[in-house]
Amino acid sequence: MKLIPCLIISTLLAASCGNQASKKENAQIDPEPAGPLFDVADLPEEPLFDLETTHGTMRIKLYKETPGHRDNFAKLVADRYFDGILFHRVVKGFMIQAGETGEAPTKIQLEYGGTSGVNYTIPAEIVPGLTHKRGALAAARSNNPEKASSGSQFYIVHTDDGAKHLDGNYTIYGEVIDGFEVIDTIANEPTTGPNKDRTIDPPKIISIKPVF
């Protein structure tokens, strides 16, 4: 299908955001946080996280059926890897994508690999029955035969029928359980670029924190 290549991350470039002043830039990100935010071992089998963005907060649940992706995501959250990262790709009716380092990489993000995500992949954990429903949280990946996932780039499905063609080809490891209106708000951001998928004023992740 024509949308599948949009999720191939190896050749994607972060959108240029310029220096536009807006209320979104008021979020202050600590460039050098001190120590992990929490101990991953303390999390429950299906942890909940509040993903705070410049457009509101989504609550997400990670699945026990995909422990490799769950634990990797939790470790990146504990290290504050996602703080300040942009939703660099938005396709209304399809998905919103994040996981690159954004416009000003923090020390933690640079240590993990640089400006286009972490420098490792996660073995695929494609589970029958986990589908690309609205709010599904899944791992982006390059076009590799093992279907191994990017270690940091993820996408959230916008509509129930927008990404069904990806079922069985990408690892789904969680879902949004509250804050669906935030997905809608981000998905409705104006876009530009050759594929019309680069947000003009990119939404930003302020922080992700566990819900105990």
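Everything that follows concerns the structure shown earlier in this document.
A brief look at the structure comes next. Computed from a prediction, not measured in an experiment: that's the story for all the values here. (Residues numbered from 1 in each chain as written. Predicted model: local features only at pLDDT ≥ 70, side-chain atom pairs only at ≥ 80, totals over all residues. Heavy atoms only, no water.)

**What about the packing of aromatic side chains?**
One pass over the structure, following the stated rule, counts 9 aromatic pairs. On the numbers, 5.9 Å between centres and 75 degrees between planes, the contact of F73 with F154 is edge-to-face. With F73 in helix α1 (residues 67–78) and F154 in strand β8 (residues 154–157), the pair connects residues that are 81 residues apart, well separated along the chain. Each member of the pair, F73 as well as F154, carries the same accessibility label: buried. Both rings, one in Y81 and one in F82, keep their centres 5.4 Å apart while their planes meet at 85 degrees; by these two values the pair is edge-to-face. On the accessibility criterion, F82 (1% relative accessible area) is buried. Ring pairing ties together the aromatic residues F38, F49, F73, Y81, F82, Y112, F154 and Y173, which thus form one cluster. (Phe/Tyr/Trp six-rings, centres within 6.5 Å; stacked < 30°, edge-to-face > 60°. Helix = DSSP H or I, 4+ residues; strand = E, 2+ residues; numbered from the N terminus. Buried < 20%, exposed > 50% of the residue type's maximum accessible area, 1.4 Å probe, protein only.)

**Focus on the side chain of D79**
Checked against the element boundaries, D79 lands in the loop between α1 and β3 (89–91). Not counting chain neighbours up to four residues away, the residues in contact with D79 comprise P36, I108 and Y112. (Contact = heavy atoms within 4.5 Å.)

**What about α1?**
For α1, spanning 12 residues, the distance from its first C-alpha to its last is 16 Å, which sits close to the expected 16 Å at 1.5 Å a residue. Among all positions of α1, only H69, R70, N72, F73, A74, L76, V77 and A78 are buried. Positive phi shows up at R80, right after α1, with a value of about 65 degrees. (Expected span 1.5 Å × (residues − 1).)

**Details of the nonpolar core**
Counting residues in each nonpolar core, the largest one holds 34 residues, and the members touching the most others are F49, F73, F82, F154 and I205. Beyond its immediate sequence surroundings of up to four residues, F154 is in contact with L51, F73, F82, I96, Q97, A98, L137, A138, A139, A140, Y173 and I205. (Core = buried A, V, L, I, M, F, W, Y, C linked by side-chain atoms within 4.5 Å.)

**Structural notes on the pattern of salt bridges**
Tallying each qualifying case throughout the model produces 7 salt bridges. Note that D50 and R59 form a salt bridge whose closest N and O atoms lie 2.7 Å from each other. Judged by its relative accessible area of 29%, R59 is partly exposed. A salt bridge links D197 to R89, with the shortest nitrogen-to-oxygen separation between them at 2.9 Å. Linking D197 in the loop between β10 (191–192) and β11 (198–199) with R89 in strand β3, this pair joins segments that are 108 residues apart in sequence. The exposure class assigned to R89 is buried, which follows from its relative accessible area of 0%. Residues joined in a network through salt bridges with shared partners are R89, D197 and R198. (Salt bridge = Lys/Arg side-chain N within 4 Å of Asp/Glu carboxyl O.)

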